[in-house]
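Below are the chains, spelled out letter by letter.
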Amino acid sequence: MRFLKLFLCIFMIQAAAAGVFASGGAAAASSGEPWKVAKANFNPSSFPKAPANYVISILSISQDGNFIAADHPAIKNLQQLTGYTIKLEYVLNANYNEQMNTRLAANDLPGIVTITSNTQPIVTAARSGAFWDITDIYGMYPNLARADKGVMNNVSIDGRNYGIYRGRDFPRSGMVYRKDWLANLGLSVPKNLDDLYKVLYAFTYNDPDKNGKNDTYGMTWTGAYMGPFYNIAVMFGAPNRFGVKNGKLTPWFDYDEFYDAMVYSKRLYDEGLINKDFAALPTSEWALPFGRGQCGWHIDCADEASRSAVRMRDNGLMTAAEFDAGMYVDVMGAVANKNGEIRVWPQNDGHQGYEAVSTTGAKTLQDLSYYLDFMDKCNTAQGITILNWGAEGVNYTTNSDGTITSIPAAQIPNGWDITAGWNQFRMLTDIGAIQQPNAYQARHMQVYKEIAPYAIINPVTPIVLMSPTWTSRQSSLNQIIDDAVINFIMGNIDQAGFKKEVARWYAEDGQKALTELQAAYDASR
């Protein structure tokens, strides 16, 4: 039934796209594929200025459901900068792919659409004309032209670009921890995986906060995002999704080190060093226990250090002066495995998806020119500053050296402190005002530099779309393994049960996808 739904979704996408172009909704660059815009058919200066109150409609994501207020000064500031009226729509990240598939099939997309990954429905939609192919024209806009070519390749489909990537630091993994708990227990920063286990055990059973109660534990996990486990698996020596053995691509779960990481993680679970409810805990609640002083270790992005410290301060676990002094919280990269190797799971490929312009929300080349102009202005230094920090005088103040200082949420009126998701359609990251880094931010930036040489690259990233099977089935195939890992950790299955799930992975198109990926890998060498 699931595959029937996917087939119907893809069929409707193709039919909807065909209808758009058959109706003459878009000016043709070529008779066969009018959404592919050639330089010869596009000149930004040839179009008239956008009419007053021209609406730029945007579909973006929110991690926690706290959307920026419609009357927020930051929106007004960006409208003034760009000259366009902004209409924002948000969907929770947890439901985003499902919502996207539904809206693609219904031909119901705004002008700018946040694409989180190139799933099969997205790929099919792009190939069928749901999004403008801007490969040959985005370089006509000075700020969009600054996009990194390598990252643009990472978000491409068939070598073509249908949007500008949502930039992210690479790599950005880190382990945030309570350095005061280490000091209270007379422990050093762990250097290897055995040390890490001992720290998590002590954080659970040795009263690290010295309150005389047994009310802490090591680390919080969430089954909705397996990042902590995959960080540990890569530290053990497993690959980042795929590795290469004797020239052959080998999936992550077929490495002994991956199984070792599962055994290690099961021990953490069995001994109560991670939360027993991790399989059902949503990502929106994942980081909160650290900020409440309940656990002392958190594996995610290194920049989580500042956010965790902010939560501790706001929950009364540290004073403002202690926060400013960088007390209690620190962050580090990976620890060594039994071979002394440092290995880092990078989390991303320099992006978190991309921003596409739909052919339904921007029907003509003239509309496309307005949307690209808006995106270009968003990627000025002033535009990125607004998207990153909100409104000056409301969310931040500017220091004499040009850096900014965030205003505490309690001092911001009218609910205007909520800017979550506002920067999710931001693209470039290396321009705009920077925050005067607090001690935690200064440390996470240092960690980014420290871990860069140890990032483990996924070798199939440049060729992933060369496998139609992997493109269409990777989400469900990944879920087979993730579910099996969770069930193994929780004791619901043993090693034999895990092997059965691996066999199911291969049987349910995993082998077919691997064969296609191997052929593409061999051809690329």
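For the structure, check the block above.
Residues numbered from 1 in each chain as written. Predicted model: local features only at pLDDT ≥ 70, side-chain atom pairs only at ≥ 80, totals over all residues. Heavy atoms only, no water.

Q: Help me understand the packing of helix α3 (residues 96–105) against helix α4 (residues 120–128), please; the structure alone is not making it clear to me.
A: Geometrically, a packed helix pair is captured by the angle between its two axes and the distance between the axes. Two numbers describe how α3 lies on α4: the axes approach to 10 Å, and their chain directions differ by 30°. Viewed along their axes, α3 and α4 adopt a mutual orientation that is roughly parallel. Relative to α4, α3 is oriented so that their crossing is left-handed. Here M100, N101 and L104 of α3 come into contact with α4, specifically with P121, I122 and A125. (Axes fitted to C-alpha atoms, helices over the stretch in contact; angles between N-to-C directions. Helix = DSSP H or I, 4+ residues; strand = E, 2+ residues; numbered from the N terminus. Parallel < 35°, antiparallel > 145°, perpendicular 65-115°, else oblique. Left-handed = near helix turned anticlockwise from the far one by under 90°. Contact = heavy atoms within 4.5 Å.)

Q: Please clarify how the packing of helix α2 (residues 73–82) against helix α14 (residues 381–389) should be interpreted in this entry.
A: Between α2 and α14, the least distance of the axes is 10 Å, while the angle of their chain directions is 165°. Between α2 and α14, the angle falls in the class roughly antiparallel. The element α2 and its partner α14 pack so that their crossing is left-handed. For the pair α2 and α14, contact is made by A74, N77, L78 and L81 and by Q382, G383, I386 and L387, respectively. Its residues assigned to classes, the contact of α2 with α14 shows 5 nonpolar, 3 polar and no charged. (Nonpolar A, V, L, I, M, F, W, Y, C, P; charged D, E, K, R; others polar.)

Q: Sorry if this is basic, but what is going on with the pairing of strand β9 (residues 295–301) here?
A: A regular strand places its side chains so that they alternate between the two faces of the sheet. Along β9, 7 of the 7 residues are buried, which leaves the element largely enclosed by surrounding structure. Across 5 bridges, strand β5 (residues 173–178) lies against β9 in antiparallel orientation. Its bridge partner being in β9, S173 is matched across the sheet by C301. Bridge count between strand β6 (residues 217–219) and β9: 2 bridges; the pairing is parallel. (Buried < 20%, exposed > 50% of the residue type's maximum accessible area, 1.4 Å probe, protein only. Pairing = 2+ DSSP bridges.)

Q: Would you mind showing me how to read the sheet that holds β6 here?
A: In a beta sheet, neighbouring strands pair by backbone hydrogen bonds and run either parallel or antiparallel. In spatial order, the strands read β6-β9-β5-β10; together these 4 strands make up an open sheet with mixed pairing. Strands at the two margins of the open sheet, each flanked by one partner only, are β6 and β10 (329–332). Geometrically, the sheet is characterised by an average inter-axis angle of 15° between neighbouring strands, direction not taken into account. Set on the sheet, helix α7 (residues 193–205) makes contact with β5, β6 and β9; between it and β6 the angle comes to about 140°.

It is worth stressing that arrangement in space is one thing and function is another; only the former is reported here.
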